[in-house]
Amino acid sequence: MPLQFFNTYSREIEEFGPRDATARRARMYTCGPTVYSRAHIGNFRAYIFEDLLQRHLELRGYNVDRVMNITDVEDKTIRGAREAGIPLQEFTEQFKAAFFEDAHMLRIKRADEYPAATDQRYIDRMIGMISALISKGLAYQADDKSVYFRINKFPDYGKLAHFDLTQLQSTGRVKHDEYDKEHIGDFALWKAWDEEDGNVKWDSPWGPGRPGWHIECSAMSMALLGDQIDIHCGGVDNIFPHHEAEIAQSEGVTGKKFVSYWLHCAHLLVDGQKMAKSLGNFYTVPDVLAKGYTGRELRYALLRVHYRVPLNFTWEGMNEARESLGRIDEWLARLRQIAKSRNVQRPTLNAQRPTTAFEDALDDDLNISAALGFLFESIRETNRAMDQNEMDAASASAWLEWWKRINSVLDLEAETEVTIPEEVAQLAQQRENARREKNWKRSDELRERISALGWEVRDTKDGSKLTRSTRNA
Ligand SMILES: [Zn+2]
């Protein structure tokens, strides 16, 4: 199956092919955080989906150039700084730092660039784009001195969101002066300064003011990735008006198709409800860590559901994540032990050799549920082979190599490698043999000896499992 994604623009699954196919270069722009408060785990679900997308493209041999913007000037950041009584930059800096801290905890790969909207380089670029739109008749300055995009002059407006222009309602992002606009759906490119903005302002041909949120992404994307990019991502709530506006602005200026593939991540629900501070179900990454979970466990919990399906976050789900990761850890420990034992047993059956099913599943619009299904099926099968002493060192190494490859996408390995000491492994093997001979007395003795070394043997329906004993810890 070719690599394919669901494109929000066409509402169809499309085969992926970057513009720069010979260099296998994939240019990717992802809308980043608005730094007016700490991002919540719903935001991070989208960032983890983008991380998965980047890593899978890399596994498939693409060189990904990824840009994630930081929105550090818009209504909420200005209001926040004013209420805190500190300069805008000082106000946003703390949330920028928090964002990077949380992203690091969740093992999200860093983008190549994190442009900030307040950087003068990009402000200049935004002003240049707005001037170009005005000269093409696609924008106008209204009586309130703000500059608006004239959506009636852009026939494709509404195409991404599949919206009918006549049904447009005010988005609430523009100021109170709706009456100055020609059409209720016209969005601000440049917002004229008013008292509430304090000293947050830049000079422009239209007087002092600040850029609108949408133009920030168009300008930064163009400045760093060029006029045309391959992939643009965000959450579903970015589709309208934000991404719709980005298309109108960028294509309005260049006359070229802005984005080839639009990918959007569905919402995160908490206990089946929309996350809201008023409902008391609003969690940040530190909130989850404070409950005793790790960043790795949260990463798994946010990663395991297909990105276009709403994900329901529950504490039960966090426990399942812990359980699943425990199975991976144990499995890796057993494989490592056999790989280094130079064990030349009966060779592993063909059916238990690593396949490409994992990455093939991800080729299908990042079907992570199917990919993880293959992973756990493989774990079950290889564990069975190990129980029956049918895994030789070479096969175990092949599985470890396989894991290395798929873990470049998952990034779920434990920070400290779990290894089973040689002595414990040998005792476990002897115990396995004793059990097969139905020598229960010897089996129990061996269990005691294993236990004395700080390990625990559990007999499960999938065979015996070795874990570090919590009693002796
Ligand atoms: Zn954006």
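Remember, it's a predicted structure, so these values are computed and weren't measured experimentally.

Procedures and definitions
Residues numbered from 1 in each chain as written. Predicted model: local features only at pLDDT ≥ 70, side-chain atom pairs only at ≥ 80, totals over all residues. Heavy atoms only, no water. Pairing = 2+ DSSP bridges. Helix = DSSP H or I, 4+ residues; strand = E, 2+ residues; numbered from the N terminus. Axes fitted to C-alpha atoms, helices over the stretch in contact; angles between N-to-C directions. Parallel < 35°, antiparallel > 145°, perpendicular 65-115°, else oblique. Left-handed = near helix turned anticlockwise from the far one by under 90°. Contact = heavy atoms within 4.5 Å. Nonpolar A, V, L, I, M, F, W, Y, C, P; charged D, E, K, R; others polar. Phe/Tyr/Trp six-rings, centres within 6.5 Å; stacked < 30°, edge-to-face > 60°. Buried < 20%, exposed > 50% of the residue type's maximum accessible area, 1.4 Å probe, protein only. Lys NZ or Arg CZ within 6 Å of the ring centre and 35° of its normal. Right-handed = clockwise from strand over helix to strand, strands pointing away. Donors = N, O, S within 2.8 Å, 3.2 Å for Na, K, Ca; no water.

Structural notes on the sheet that holds strand S13 (residues 311-313)
Part 1 of the reasoning: Strand order in the open sheet formed by three strands is S12-S11-S13, and the pairing between neighbours is mixed. The open sheet has two edge strands with one neighbour each: strand S12 (273-274) and S13.
Part 2 of the reasoning: Bridging between strand S11 (residues 268-270) and S13 involves three bridges; their strand directions are parallel. In the strand pairing of S13, Leu-268 is matched with Leu-311.

Some words on the packing of helix H11 (residues 368-387) against helix H12 (residues 393-410)
Part 1 of the reasoning: It is at 13 Å that the axes of H11 and H12 come closest, and there the two elements cross at 155°. Accordingly, the angle class assigned to the pair H11 and H12 is roughly antiparallel. As H11 runs across H12, the sense of the crossing is left-handed. Contact residues: H11 offers Ile-368, Leu-372, Leu-375, Ser-378 and Thr-382, while H12 offers Trp-399, Trp-402, Trp-403, Ile-406 and Leu-410.
Part 2 of the reasoning: When its residues are assigned to classes, the contact of H11 with H12 shows eight nonpolar, two polar and no charged.

A closer look at the packing of aromatic side chains
Part 1 of the reasoning: Per the stated rule, a full pass over the model turns up 26 aromatic pairs.
Part 2 of the reasoning: Ring geometry for Phe-258 versus Trp-262: centroids 6.2 Å apart, planes at 70°, classification edge-to-face. Note on accessibility: Phe-258 and Trp-262 belong to one class, buried.
Part 3 of the reasoning: Judged by centre distance (6.4 Å) and plane angle (85°), the ring pair of Trp-331 and Trp-402 falls under edge-to-face. Separated by 71 residues along the polypeptide, Trp-331 in helix H9 (residues 315-340) and Trp-402 in helix H12 bring together distant segments of the chain. Each of the two residues, Trp-331 as well as Trp-402, counts as buried.
Part 4 of the reasoning: Lying across the ring of Tyr-62, Arg-24 places its NZ or CZ 4.2 Å from the centre.

What to know about the sheet that holds strand S3 (residues 25-30)
Part 1 of the reasoning: The strand order across the open sheet built from four strands is S4-S3-S9-S10, with neighbouring strands paired in parallel fashion. Looking at which strands have only one partner, the edges of the open sheet turn out to be strand S4 (63-68) and strand S10 (259-265). Averaged over all adjacent pairs, the angle separating strand axes in this sheet is 20°, with direction ignored.
Part 2 of the reasoning: The pairing of S3 with S4 spans six bridges and is classified as parallel. Across the sheet, the residue bridging to Thr-30 is Met-68, located in S4.

Topic: the pairing of S4
Along a regular strand, successive side chains alternate from one face of the sheet to the other.
Part 1 of the reasoning: With five of six residues buried, S4 is to be regarded as a mostly interior element.
Part 2 of the reasoning: Between the parallel elements S3 and S4, the chain passes through helix H1 (residues 41-59) in a crossover that is right-handed.

What about the pairing of strand S1 (residues 4-7)?
Part 1 of the reasoning: Both faces of S1 are covered, namely the face carrying Gln-4 and Phe-6 and the face carrying Phe-5 and Asn-7.
Part 2 of the reasoning: Both S1 and strand S2 (residues 12-15) contribute to a ladder of four bridges, which runs antiparallel. From the neighbouring strand, Gln-4 faces S2, where its bridge partner is Glu-15.
Part 3 of the reasoning: Between S1 and the antiparallel strand that follows it, S2, lie four residues; Arg-11 among them carries a positive phi value of about 60°.

Some remarks on the coordination of the zinc ion
Part 1 of the reasoning: Coordination of the zinc ion by the protein is provided by Cys-31 (SG), Cys-217 (SG) and His-242 (NE2), with metal-donor distances spanning 2.0 to 2.2 Å.
Part 2 of the reasoning: Within one chain, the residues donating to the zinc ion are spaced in sequence as C-x185-C-x24-H. Here His-242 lies in helix H6 (residues 239-254) and Cys-217 lies in helix H5 (residues 213-225), a separation of 25 residues in the sequence. Across the pair, exposure class does not vary: Cys-217 and His-242 are buried alike.

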